[in-house]
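Chain and residue survey
As a plain string of letters, each chain reads:
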Amino acid sequence: MRISDAMMSSGFLYNLNITRTNEDKLREEISTGSKINTPSDDPAGTAKLLNLNNQIAQTNVYAQNVQDSLSFNQETNTEMENIQSEVVNVMSSMTSAQNATVNGNLNTFADQIDSSLNLILDSANSQSNGKYIFGGTDFSNKPYALSSDSKSVLTQVNNSGVQSVRVSSNSVQKINITGTELFGTIVKQTGTFDSAASNGTVTNSSSKVYDNAGNAYDLNLTYTKTATDTYSLNYDIKDSTGASVFSTPPAASTLKFDPTNKQLVSIDNSSNTSLNIKSPTNNINFNLDLSSVQEGTTPQALTATANQTTDIFNTLVAIRDELRSGTLPTDAQVQAVSDFNSHILDKLAAAGNTSDQLSSTNDLLTAHTAVLTGMESQVQSVDVAQAVIDLQNQDNVLQQSLKVAATILPKTLMDYITT
Amino acid sequence: MSLGSIFDISTRSLGVYQSALEVASNNIANSANPDYSRQQVNLTTETPNVAGGFVWGAGIKIEDITRVRDSFTDNQIRSNNPKNSESSNRSELMGQIEDSFSEPSDSGISTLMNNFFNSWQQLAVTPNSTALRQNVLSSAESLSNQVSSVYSSLTQTRSDIMTDLKTKVGTLNDDLKQVQQLNAQIFQFTSAGQSPNDLLDQRDKVIDDLSKMGNITVSYDNNNSATISIGGVFACDKENANQFSVSDNNGQATIVSKNNVSAVLNSGDLFADTDIYSNEIPNDLATLDQVFSTFTSQVNAVHQSGTNIENPSGTNINFFDSYNNGVLKINPAIVADTNKIAVSSDGTSGNGDIAAKIADLSSQPLINGQTLQDTYSSLVSQIGTKKQSADQSVTATSLIQQQLATQKSSYSGVSVDEEMSNILMYQRSYEASAKLVQVANECLQTLLTTVT
């Protein structure tokens, strides 16, 4: 092959350029620590990397959610323990009050119970990170407050909302103990509507409910089918004389059932399946739980059960007031406080359970993050030792070719012709 | 046969070797000119004389001076040129497009969209937190800024391509004019039976340049005039040179001739420009539009079903005002007051169901069975693949180009060694011829002295 001068220099430059490009790439990889600096470095790896980065960030958010939930759960536990210890104090005060030797000054016990009541009320209204712990999901107001005449304690909000937190891509954890769960005051409606009934069909149900002083009232519920899977609910509360406690009848609510599984899905377009009913003038305030009402082909009679026995606040108010007037607590009242004590111990166990679940979820998430980070590193990270050796190699090649070029390129016959 | 013929032969050879030295010096002078083809002096014997029954050699003469050129390699180079220039232009432009997305990084759309969804996930836990509401808003703002930056960067690249195309087509027109003029000059020499080596080199250089721009065909007639067409459209011959311009018809860029005939390009620098201008960038923008239109409408649909924590509470509120051509506009009412962010499904301030639902959108198959982020990362990965394959093509065609250039240089390039040894040879021959003149002179002197 004939070798011309231009060939030597262009061939040299071409090869030099390749070595320089390789070196530059290796330098970039080593200095960024990443094999993928632009999508074209590894298009499939880039898609994988973006996906892994997103998963890691998402898992970190879940972990953050779990941490927040754990601290919320911790505070819930502390407050429930405080309430429980006050309930124990109340129980011992009541026992002492019934003791004949100290029977003389019941007011002391009334004071003790009043102080416990206030402490329980404080705990019931405690907050965590701006959220009322026992306020369900309604943080617009304190969940519990004394009535204007200080004669009774009222629920001010619908405190039955469940706070649930997404702790992984497909699981949701309930983290709160709702005020309703803990302190009761629930009227539960059960039964099945006939799904085949024609529009306009009316179904009635009624129950006894009590005000804070223990007076009985009649709660009358009237359901009218307005369309398929849709019912309109009207209610009224009547005292012993048969007069309504409402000066104007309360507005009707619309109940919607799922067309396939026939469960209640919404009340007035909200997914909360309980309705807060109150009449401040009569100190009546309770939640009507409709979650067990359903539609079906085998209709069952509607029954409403009032479960107001766990209303610790008004029980304590009644005991305090009676002690002040010289009456000892009745056995039923003592039993009610004791029942509440077992109830709160149950709930403490439930909260402990939630805490365990959150902790194990936290461990899972930590393990998951480790796996994801490992995968990310496989896709992205540079084997630095390998890269440095490669770089050294390329550098040697470069040095050698430069040296050879310096020796050979300028030499021609010219150099040897002496004049 | 006379003494005079010795003078004759030696004087002629002096002239011949002087010319040969001139050619060699011209070769050496052009040794670094990549477009130069080395020239060769073809020496031959002068027509002999017949005298006294013998044939007497009459010395040397120059038959012609030819350029050493291999038309096969030229054709190979011209067919590889458009592939090489197309892939290197494509690699550069795809690199710009790739850079517009700034992936993979913390400031890319992928991370920012993920941050957006994660901010809702956090808000779902503490829906009444002002800080978390602000976080949702600022993550939406970051996302909106990045989308608009990517979009405008792509649009800018596209309009730069158009400017570039116009310049390149201007050069193309100049080159065509030049080929036509060179054709005319070459014709004058060839019709007189001469070989205009340097003009031929010049024309080859311009044709090489043209072959980089697009798929051209070149044919030569008997007088060595080149006729060129580009993308099937007549470009130039000895008499005429066509003039081209760039037209943008509904976003499709084409190269059209004076008579409004479109060149059908399938390779070359111009093809990379028109293809990326007409297809690649519009497709990328369309995918972005699809992702963000779906994103906007889905987030809005869920957000509308939520209730905010204003007093009195409001519902049926859009989170995003609109998405249009890269501009993702957040509802100004929400920007002014984050309490308008509506995440409650039952109206209570602690309910974050709607925020959780918005966060869930990130894992839902919203576009052809793919999630928003998957659709986006497929786009980035596709662009990466195109850039990568352009890069590989650059490497491959550059290697071929280098090999062809070596072949060409091996055949047509100047070797200074060779020229120097020629010079030495011509110089010796010149010296010998000069000596011969001296010998003839001395013979004549001797004769004259004798006679006297």
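So, on to the overall build of chain B. In terms of helices and strands, chain B carries ten helices and eleven strands. The C-alpha radius of gyration of chain B comes to 38 Å, more than 25% above the 22 Å expected for a compact globule of 452 residues. Principal-axis analysis of the C-alpha atoms places the extent of chain B at approximately 140 × 45 × 35 Å. The long-range fraction of contacts in chain B, counting pairs at least 24 apart against all pairs at least 6 apart in sequence, stands at 71%.

Attention shifts here to the overall build of chain A. A tally of regular secondary structure across chain A gives seven helices and 15 strands. Of all 419 residues assigned to chain A, the portion counted as buried reaches 33%. Taking all contacts inside chain A whose residues are at least 6 apart in sequence as the whole, residues at least 24 apart take part in 65%.

Right, let's talk about the nonpolar core for a bit. Counting residues in hydrophobic clusters, the biggest one holds 91 residues, and the most contacted among them are Trp-120, Ala-124, Val-179, Ile-228 and Ala-355 of chain B. Those residues in contact with Ile-228 of chain B that lie beyond four places of it in its chain are Val-179, Leu-210, Ile-216, Val-218, Ala-235 and Cys-236 of chain B. Listed in part, the 33 residues of the second largest apolar core include Ile-83, Tyr-132, Tyr-144 and Leu-323 of chain A.

With that settled, consider the interface of chain B and chain A. In this assembly, 49 residues from chain B lie in contact with 51 residues from chain A. If you list the elements that add at least two residues to the side of chain B that touches chain A, you get helix H3 (109-125), helix H9 (372-412) and helix H10 (416-451) of chain B. The element that contributes the greatest number of residues to the side of chain B that touches chain A is H9 of chain B, accounting for 16 residues. Grouping the constituent residues of the side of chain B that touches chain A by class yields twelve nonpolar, 31 polar and six charged.

Residue and element names in this part refer to chain B. Across the sheet, which stays open at both edges, the three strands sit in the order S5-S6-S7 with antiparallel pairing between neighbours. Edge strands, defined here as strands with exactly one partner in the open sheet, are strand S5 (216-220) and strand S7 (233-236). Strand-to-strand twist of the sheet, defined as the mean angle between neighbouring strand axes without regard to direction, takes the value 30°. Pairing of S5 with strand S6 (residues 226-230), which is carried by five bridges, proceeds in the antiparallel orientation. Within S6, the residue paired with Val-218 across the bridge is Ile-228. Packed onto the sheet, helix H4 (residues 130-191) meets S6 and S7 and runs at close to 60° relative to S7.

Turning to the packing of helix H5 (residues 312-324) of chain A against helix H6 (residues 331-380) of chain A, a few remarks are in order. Packed helix pairs are specified by the crossing angle of their axes together with the interaxial distance, meaning the distance between the axes. All names here are of chain A. At a closest axis distance of 10 Å, the pairing of H5 and H6 adopts a crossing angle of 145°. Between H5 and H6 lies a crossing of left-handed hand. Facing H5, whose interface residues are Ile-312, Thr-315, Ala-318 and Ile-319, H6 presents Gln-333, Ala-336, Val-337 and Phe-340. Tallied by class, residues from the contact of H5 with H6 come to six nonpolar, two polar and no charged.

Attention now goes to the packing of H3 of chain B against helix H8 (residues 353-360) of chain B. Residues and elements named next belong to chain B. Running from N to C, H3 and H8 cross one another at 155°; their axes reach a closest spacing of 8 Å. Between H3 and H8, the angle falls in the class roughly antiparallel. Between H3 and H8 the crossing geometry is left-handed. Contacts between H3 and H8 pair Phe-117, Trp-120, Gln-121, Leu-123 and Ala-124 from the former with Ala-355, Ala-356, Ile-358 and Ala-359 from the latter. Class assignment for the residues of the contact of H3 with H8 results in eight nonpolar, one polar and no charged.

This part takes up the domain arrangement of chain B. Residues and elements named next belong to chain B. As far as domains go, chain B holds domain 1 (3-68 + 414-451) and domain 2 (76-398). Averaged C-alpha coordinates put domain 1 and domain 2 at centres separated by 65 Å. At the interface, eight residues of domain 1 touch five residues of domain 2. Here the element with the most residues in the side of domain 1 that touches domain 2 is strand S4 (residues 60-67); it accounts for four residues.

So, on to the environment of Ser-393 of chain B. Residues and elements named next belong to chain B. By the secondary structure assignment, Ser-393 is in helix H9. Residue classification places Ser-393 among the partly exposed positions, given that 17 C-beta atoms sit within 10 Å. Considering only alpha carbons, one finds Ser-393 and Ser-245, 148 residues apart in sequence, at a separation of 28 Å.

Moving on to the environment of Asn-115 of chain B. Mapped onto the secondary structure, Asn-115 of chain B falls in helix H3. C-alpha separation for the pair Asn-115 of chain B and Ser-91 of chain B, spaced 24 residues apart in sequence, amounts to 32 Å.

Compared with the 36 Å implied by 1.5 Å per residue over 25 residues, the 36 Å span of helix H7 (residues 384-408) of chain A between its first and last C-alpha is a close match. The element H7 of chain A is barely covered by neighbouring structure, given that only one of its 25 residues are classed as buried.

All names here are of chain A. Pairing of strand S9 (residues 216-227) with strand S10 (residues 230-238), which is carried by nine bridges, proceeds in the antiparallel orientation. Across the sheet, residue Tyr-223 finds its bridge partner in S10, namely Leu-233. With antiparallel pairing between neighbouring strands as the criterion, S9 and S10 make up a hairpin whose turn holds two residues, including Asp-229 at a positive phi of roughly 60°. Examined bridge by bridge, S10 and strand S11 (residues 253-257) share four bridges and lie antiparallel to one another. The partner of Ser-232 across the bridge, within S11, is Thr-254.

With that settled, consider the environment of Ser-71 of chain A. Residues and elements named next belong to chain A. Its location among the elements puts Ser-71 in helix H2 (residues 43-98). With 12 C-beta atoms counted inside 10 Å, the residue Ser-71 sits in the exposed group. Along the sequence, Ser-71 and Asn-15 sit 56 residues apart, while their C-alpha atoms lie 64 Å from each other.

Moving on: unusual backbone geometry. It is generally the case that most residues other than glycine have a negative phi and that most peptide bonds are trans. With an omega of -10°, the peptide bond between Glu-103 of chain B and Pro-104 of chain B qualifies as cis. Note that Pro-104 of chain B resides in the loop between helix H2 (71-101) and H3. The backbone of Asp-229 of chain A sits at a positive phi, close to 60°, despite the residue not being glycine. Turning to its location among the elements, Asp-229 of chain A is positioned in the loop between S9 and S10.

A few words on the confidence of the model for chain B. Mean pLDDT over chain B: 92, with 100% of residues reaching 70 or higher. In the predicted assembly, ipTM is 0.78 and pTM is 0.80.

The rules behind the values
Residues numbered from 1 in each chain as written. Chains lettered and ligands numbered in written order. Predicted model: local features only at pLDDT ≥ 70, side-chain atom pairs only at ≥ 80, totals over all residues. Helix = DSSP H or I, 4+ residues; strand = E, 2+ residues; numbered from the N terminus. Rg over C-alpha atoms; globule rule 2.2 N^0.38 Å. Contact = placed C-beta atoms within 7 Å. Buried ≥ 20, exposed ≤ 12 C-beta atoms within 10 Å, placed from the backbone. Core = buried A, V, L, I, M, F, W, Y, C linked by C-beta atoms within 7 Å. Nonpolar A, V, L, I, M, F, W, Y, C, P; charged D, E, K, R; others polar. Pairing = 2+ DSSP bridges. Axes fitted to C-alpha atoms, helices over the stretch in contact; angles between N-to-C directions. Left-handed = near helix turned anticlockwise from the far one by under 90°. Parallel < 35°, antiparallel > 145°, perpendicular 65-115°, else oblique. Domains from an automatic or database assignment. Expected span 1.5 Å × (residues − 1). pLDDT = per-residue confidence, 0-100.

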